[in-house]
Amino acid sequence: MTKRAVCVLLLLAITGFPSRSLSQTVPEVAVEHNVVMKTRDGVALRADLYHPVGDGKYPVLLQRTPYNKANVADFGRGAAEKGYMVVVQDVRGRYASDGDWYTFKNEMNDGYDTVEWAAALANSNGKVGMFGGSYVGATQMLAAIGHPPHLAGICPVVTASNYHENWTYQGGAFEQWFNESWTSGLAQDTFDRVVRGGTNAVTGSTVLPLRNYPLYNMKLPATANGLTRELAPYFGDWLAHPEYDSFWKKWAIDENYGSIQVPALTIAAWYDIFQDGSLRNYVGLRDHAGNEEARSKQRLLVTIGGHAGSGQKIGSVDFGPAAKDYDELAITLRWYDYLFKGVQNEFASKKPVKIFVMGENIWREEEAWPLQRAKQTSYFLHSAGKANTDSGDGIISTLVAKKESADSYHYDPMNPVRTVGGPLCCDSDHLAPGPRDQRSVEARPDVLVYSTPPLEQDIEVTGPVTLDLFASSSASDTDFTAKLVDVGPDGFAQNLTEGILRARYRESTQQSTPIEPGKVLEYKIALWSTSNVFLKGHRIRLEVSSSNFPRFDRNLNTGKPASDSDASVKATNTIYHDAEHPSALVLPVIPR
């Protein structure tokens, strides 16, 4: 397996279960491989089944995955030993299952059919719960929207609420690194199928001389564009739909919370690429799920890394011993022990939210998300017009700006600001995710840096972060990026959360609105959420620029998409912070 595939399978890789004493009896586990289920349109999907030996009836834990069901074998056996039946199915067009693979397209109907099929299996007690992360979370959410009668709970881990805005695009910008690396990983199995279908030694047996024997008898396009269309047609469709239109709406989770009628344990992570969608899913289901029982039994757990990693050290930061307490698969079992077996564990608590607070590096239970006691505090941008680099004169403070010089920088799409860490997936060997030192980024003249003085006391920021920015551009379109950073006394600049906004989508991602070069406009940039205590002696820092590449595609400053154009122009972008243009970083500060 390639390391890219391992990255895609990150959330399935934690195996291991609590040790048992010698006095405990562990039931023998029966395993059935490649059990066939037929979908409503006749496609054969194959699953592996794990359950205690015998004719007992057990609640079913179901996973539908595009990442090879064999990777879930350890969890299957471990959960079966604890009195569950586990069903792990390759989704349509993947690995052992028949049909054609296309992202999201068949998950609602196939998920419904699989839940009802699993509920009727010989060792099932008729109660089905789903589990898993990333795209496996999507298979849960889409199945739940179809509300199959025997689905009784879900456990979506680090997954999105909308496959346009917080999966494929963000703020109108294409999530280039994720979309390309994920697609390349997915296409490996598709390519294997083409190879298997094009392997026939008889076809080449008459070829002379023998050294010209055709290894594979397949006809694939010779161009990169053609090969991508052949093996991953969905990638081109994503590019063809940069705006939130009917292509995306038919799969939208956030427009269908009312159709979901089951309790959910939503697991999010601060450095995860789908963090915002996970948090939106919790709030959406808590407020709008289809019945009172489902609304009252929503739970949220926010850990640190998600796709960016797990354990005590994530990226370049050691988050202390408490970070090791997170074990996704053990938590999944405890969730279903509570939901299906009535065990009064942590999920029976009156506090439905548990978060990891960085900086202090502790777990904390909360009454709600976002935290009701948070105070929205504006940190206004200030400078004498030379905020470029971390050696510039940019500061942020709660004092309102009056008359100040604006800050300008030159954005060249052919020399973009490089991505350093952050919420990334799915090729960590070539672009490392998570918290990383941002000083190399902040040394660039096309990055504006605004910092507080060293703090005289701890300040906790927990919740959604936004930047209210007043800016102009010499170009007909551009991007604005923002990053919240915690700077330690040693100068280590730890990225916390970040955002981007494509200027032409400042009003809506459903329709572009051109900008007028030189005109000052207001941009509200969502940096998603964090929970971090900026310790005494640290500094709160904001970075502002116009690129974060290759995480996001480069804005060519022409108004034309990079999907169909390679022509670019340089832009002079200007940030205003004065009485008429009070640019401010808005932080949810928690009273202490």
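Residues numbered from 1 in each chain as written. Predicted model: local features only at pLDDT ≥ 70, side-chain atom pairs only at ≥ 80, totals over all residues. Heavy atoms only, no water.

Asker: When you look at the overall build of the protein in this model, what are you seeing that I'm missing?
Answerer: Looking only at helices and strands, one finds 13 helices and 25 strands in the protein. When each of the 592 residues of the protein is scored for burial, the buried share is 57%. Excluding contacts between residues fewer than 6 apart, the proportion of contacts in the protein whose partners are at least 24 apart in sequence is 76%. (Helix = DSSP H or I, 4+ residues; strand = E, 2+ residues; numbered from the N terminus. Buried < 20%, exposed > 50% of the residue type's maximum accessible area, 1.4 Å probe, protein only. Contact = heavy atoms within 4.5 Å.)

Asker: Hey, could you run me through the nonpolar core in this one?
Answerer: General note: in soluble globular proteins, nonpolar side chains tend to be found buried as a group. Core analysis: the biggest nonpolar cluster contains 87 residues, and Leu61, Leu467, Leu469 and Ile575 have the highest contact counts within it. Not counting residues within four places of it along the chain, the set of residues in contact with Leu467 comprises Leu381, Ala482, Tyr523, Lys524, Ile525, Leu527, Leu542, Val544, Ala584 and Leu585. By size, the runner-up hydrophobic cluster in this structure holds 62 residues, among which are Val115, Ala138, Ala160 and Ala232. (Core = buried A, V, L, I, M, F, W, Y, C linked by side-chain atoms within 4.5 Å.)

Asker: Help me understand the pattern of salt bridges in this model?
Answerer: Two side chains carrying opposite charge are able to pair once their charged atoms lie near each other. This model, assessed by the stated rule, comprises 29 salt bridges. In this structure, the salt-bridge partner of Arg64 is Glu107, at a minimum N-O distance of 2.8 Å. Taken together, the positions of Arg64 in strand β3 (residues 58-65) and Glu107 in helix α3 (residues 107-119) put the pair 43 residues apart, joining distant regions of the chain. Neither Arg64 nor Glu107 differs from the other in exposure class; each is buried. Residues Asp553 and Arg502 are paired through a salt bridge, measuring 3.0 Å at the closest nitrogen-oxygen approach. Placement of Asp553 in the loop between β23 (539-545) and β24 (571-576) and of Arg502 in strand β21 (residues 493-502) is noted, with a sequence separation of 51 residues between them. (Salt bridge = Lys/Arg side-chain N within 4 Å of Asp/Glu carboxyl O.)

Asker: What's the story with the state of the cysteines in this structure? I'm lost.
Answerer: In a disulfide, the sulfur atoms of two cysteines are covalently bonded to one another. In this structure the tally under the stated criterion is 1 disulfide. Here Cys425 engages in a disulfide with Cys426; their sulfurs sit 2.0 Å apart. Here the S-S torsion is close to 90 degrees, and the disulfide linking Cys425 with Cys426 is therefore right-handed. In this structure, Cys425 and Cys426 share a single accessibility class: buried. (Disulfide = S-S within 2.5 Å.)

Asker: Explanation requested: the packing of aromatic side chains in the structure shown.
Answerer: What characterises a pair of aromatic rings is the spacing of the ring centres plus the angle enclosed by the ring planes. Taken as a whole, this structure holds 33 aromatic pairs when the rule is applied. With centroids separated by 5.9 Å and ring planes inclined at 90 degrees, the aromatic side chains of Tyr102 and Tyr234 adopt a geometry described as edge-to-face. Of this pair, Tyr102 sits in the loop between β4 (85-90) and α3 while Tyr234 sits in helix α8 (residues 233-240), and the two are 132 residues apart along the sequence. Neither residue differs from the other here; Tyr102 and Tyr234 are each classed as buried. Consider the rings of Phe104 and Tyr163, whose centres lie 4.1 Å apart with planes at 15 degrees: the pair is stacked. Of the two residues, Phe104 is situated in the loop between β4 and α3 and Tyr163 in the loop between β6 (151-157) and α5 (164-168); the sequence distance between them amounts to 59 residues. For the residue pair Phe104 and Tyr163, the accessibility class agrees, reading buried in each case. (Phe/Tyr/Trp six-rings, centres within 6.5 Å; stacked < 30°, edge-to-face > 60°.)

Asker: Even after reading the chapter, I still don't get the sheet that holds strand β10 (residues 298-303), so can you show me in this structure?
Answerer: Sheets are built from strands paired through backbone hydrogen bonds, the pairs being either parallel or antiparallel. Strand order across the open sheet formed by 10 strands is β1-β2-β4-β3-β5-β6-β9-β10-β13-β14, with mixed pairing between neighbours. A single partner strand is all that each edge strand has here, and the edge strands are β1 (29-38) and β14 (362-366). Adjacent strand axes in the sheet meet at a mean angle of 20 degrees when their direction is disregarded. Judged from the 8 bridges that link them, β1 and strand β2 (residues 44-52) form a sheet pairing that is antiparallel. Its bridge partner being in β2, Val29 is matched across the sheet by Pro52. (Pairing = 2+ DSSP bridges. Axes fitted to C-alpha atoms, helices over the stretch in contact; angles between N-to-C directions.)

Asker: Help me out: how do you make sense of the side chain of Thr190 in this one?
Answerer: Considering the arrangement of structural elements, one finds Thr190 in helix α6 (residues 176-197). Those residues within four positions of Thr190 in sequence are excluded, and the remaining contacts are Arg94, Trp101 and Leu231.

Asker: What is the right way to look at the environment of Glu367 in this model?
Answerer: Its place among the elements puts Glu367 in the loop between β14 and β15 (375-382). Looking at Glu367, the relative accessible area reads 53%, which means it is exposed. Separated by 15 residues in the primary sequence, Glu367 and Pro352 place their C-alpha atoms 6.2 Å from one another. Those residues in contact with Glu367 that lie beyond four places of it in its chain are Lys350, Lys351 and Pro352.

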